[in-house]
Amino acid sequence: MVSPGRLFDMHDTAKGSEIMASTVFKSLTDTTFDSVEGYRQAADKADSPQLKQALTQRLQQREQTLAQMNAELERQGDQLTTKGTLAGEAHQLWQSITSAFESNDEAAAERVEEGEDYIKGKFEKALESGQLEAQERTIVQQCYSEICEGERFGDMIEKQYD
C-alpha cells in the first residue's frame, strides 16, 4: 500500500504533481539508517579493540551510503531520513534482550551479520522489483556494492567471534 505524500508532492499544484521518491527507495533509505544505528550499537557493545575499530570503519562506510541515498531524496524534494523506523527500533530492543546471554563481541558480530543479510536481501529485491525510478535505480546499484561489502564483513566477523 502506498502511503499518502510519498509518491506525490502536493505543494506544486500549478505544474501538476511532482514525483517524489518511490516508496521502495524511501524504504531502502530508512533501512540504511537503521543499519547505521545497528553498527553504532554494535561498536559500542564490542569489547575487542580490533572489532570496535572494524565496526567503526564499516559504520563510516554505511554513513556514506546513507548520505548518498539522502542526497537523492533531497534532489527529489523529499524529506531526508534522519531517524530510525519502528521495525528497526523493535529489532534493536530484541537484540539487547537476546545479547544479554552472549559475550559482547559474539553478540555484536551476530547482530551485524543478521542485519547485513537483511539489508542485502532488501536491496536485491528492490533492484529486481522494477519499482525504482531510473535515477533511484542508479543510486541503489551504486550503494549495493557497499552493502555487499558489509554482508561479507558480517559473515567474516560472525565466523571469527562465534
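Details of the structure are given in the entry above.
Owing to the predicted nature of the structure, the values given are computational and were not obtained by experimental measurement.

A. Here's a closer look at the overall build of the protein chain. For the protein chain, the count of helices and strands is 5 helices and 2 strands. In the protein chain, the order of α-helices and β-strands from amino to carboxyl end is β-β-α-α-α-α-α. Put simply, of all contacts in the protein chain between residues at least 6 apart along the chain, 72% involve residues at least 24 apart.

B. Structural detail: helix 4 (residues 104-129). For helix 4, spanning 26 residues, the distance from its first C-alpha to its last is 37 Å, which sits close to the expected 38 Å at 1.5 Å a residue. Where helix 4 ends, the next residue or the one after it, Gly-130, has phi of about 75°, a positive value.

C. Main features of the packing of aromatic side chains. Tallied over the entire structure, the rule returns 1 aromatic pair. Ring geometry for Tyr-39 versus Phe-153: centroids 6.4 Å apart, planes at 40°, classification tilted. Note that Tyr-39 is positioned in helix 1 (residues 23-45) and Phe-153 in helix 5 (residues 134-161), a separation of 114 residues in sequence.

D. Expanded view of helix 2 (residues 49-75). The first and last C-alpha atoms of helix 2 sit 39 Å apart over 27 residues, in line with the 39 Å expected at 1.5 Å per residue. Where helix 2 is concerned, the buried positions are Leu-51, Ala-54, Leu-55, Arg-58, Leu-59, Arg-62, Thr-65, Leu-66, Met-69, Asn-70, Glu-72 and Leu-73. Immediately downstream of helix 2, the backbone of Gly-77 shows phi near 85°, a positive value.

E. Just the side chain of Arg-58, in detail. One can find Arg-58 in helix 2. A polar contact of 2.3 Å, which involves the side chain of Arg-58, links it to the side chain of Glu-146. Beyond its immediate sequence surroundings of up to four residues, Arg-58 is in contact with Tyr-39, Glu-146, Glu-149, Gly-150 and Phe-153.

F. Region of the structure containing the environment of Arg-111. Examined against the element boundaries, Arg-111 turns out to sit in helix 4. Residue classification places Arg-111 among the buried residues on the basis of a relative accessible area of 10%. In this structure the C-alpha to C-alpha distance between Arg-111 and Glu-158, which are 47 residues apart in sequence, comes to 8.6 Å.

G. Seen up close, the environment of Lys-159. Looking at the secondary structure, you find Lys-159 in helix 5. Judged by relative accessible area, Lys-159 falls into the exposed class, the value being 68%.

H. Examining the pattern of salt bridges more closely. Per the stated rule, a full pass over the model turns up 11 salt bridges. Across the pair Glu-63 and Arg-40 runs a salt bridge, and its minimum N-O distance is 2.8 Å. Taken together, the residues Glu-63 in helix 2 and Arg-40 in helix 1 connect sequence positions 23 residues apart. On the basis of relative accessibility, which here comes to 31%, the residue Glu-63 falls in the partly exposed class. Look at Arg-40 and you get partly exposed, because its relative accessible area is 30%. Between Lys-120 and Glu-151 there is a salt bridge, and its shortest N-O distance comes to 3.9 Å. With Lys-120 in helix 4 and Glu-151 in helix 5, the pair connects residues that are 31 residues apart, well separated along the chain. In this structure Lys-120 comes out as partly exposed when scored by relative accessible area, which is 22%. The buried category is assigned to Glu-151, whose relative accessible area is 12%. Here the salt bridges share partners, and the residues they tie into one network are Arg-58, Arg-62, Glu-116, Glu-146 and Glu-149.

The rules behind the values
The numbering scheme is per chain: residues are counted from 1 as the chain's sequence reads. It should be noted that, the model being predicted, local features are given only for residues of pLDDT at least 70 and side-chain atom pairs only at 80 or more, the latter also being counted only at that level, while totals for whole chains, interfaces and linings use all residues. Values shown for side chains rest on all heavy atoms present in the structure; no hydrogens or waters enter the calculation. By definition, any uninterrupted DSSP run of H or I lasting at least four residues is a helix, any uninterrupted run of E lasting at least two residues is a strand, and each is numbered from the N terminus. Should any heavy atoms of two residues lie within 4.5 Å, those residues are considered in contact. Given a helix with a known number of residues, its expected span is that number minus one, times 1.5 Å. Any two of the Phe, Tyr and Trp rings considered here, Trp counted by its six-membered ring, make a pair once their centres fall within 6.5 Å; the pair's planes then place it as stacked at under 30 degrees, edge-to-face at over 60, or tilted in between. Residue burial is assigned from relative accessible area. The probe radius is 1.4 Å, only protein chains are included, and a residue is buried under 20% of its type maximum, exposed over 50%, and partly exposed in between. The term polar contact refers here to a pair of N or O atoms within 3.5 Å; inside protein, the definition further demands a hydrogen-donor-capable atom paired with an acceptor-capable atom, and it admits residues adjacent in sequence only when both atoms are side-chain atoms. Counted as salt bridges are all cases of a side-chain nitrogen of Lys or Arg within 4 Å of a carboxyl oxygen of Asp or Glu.

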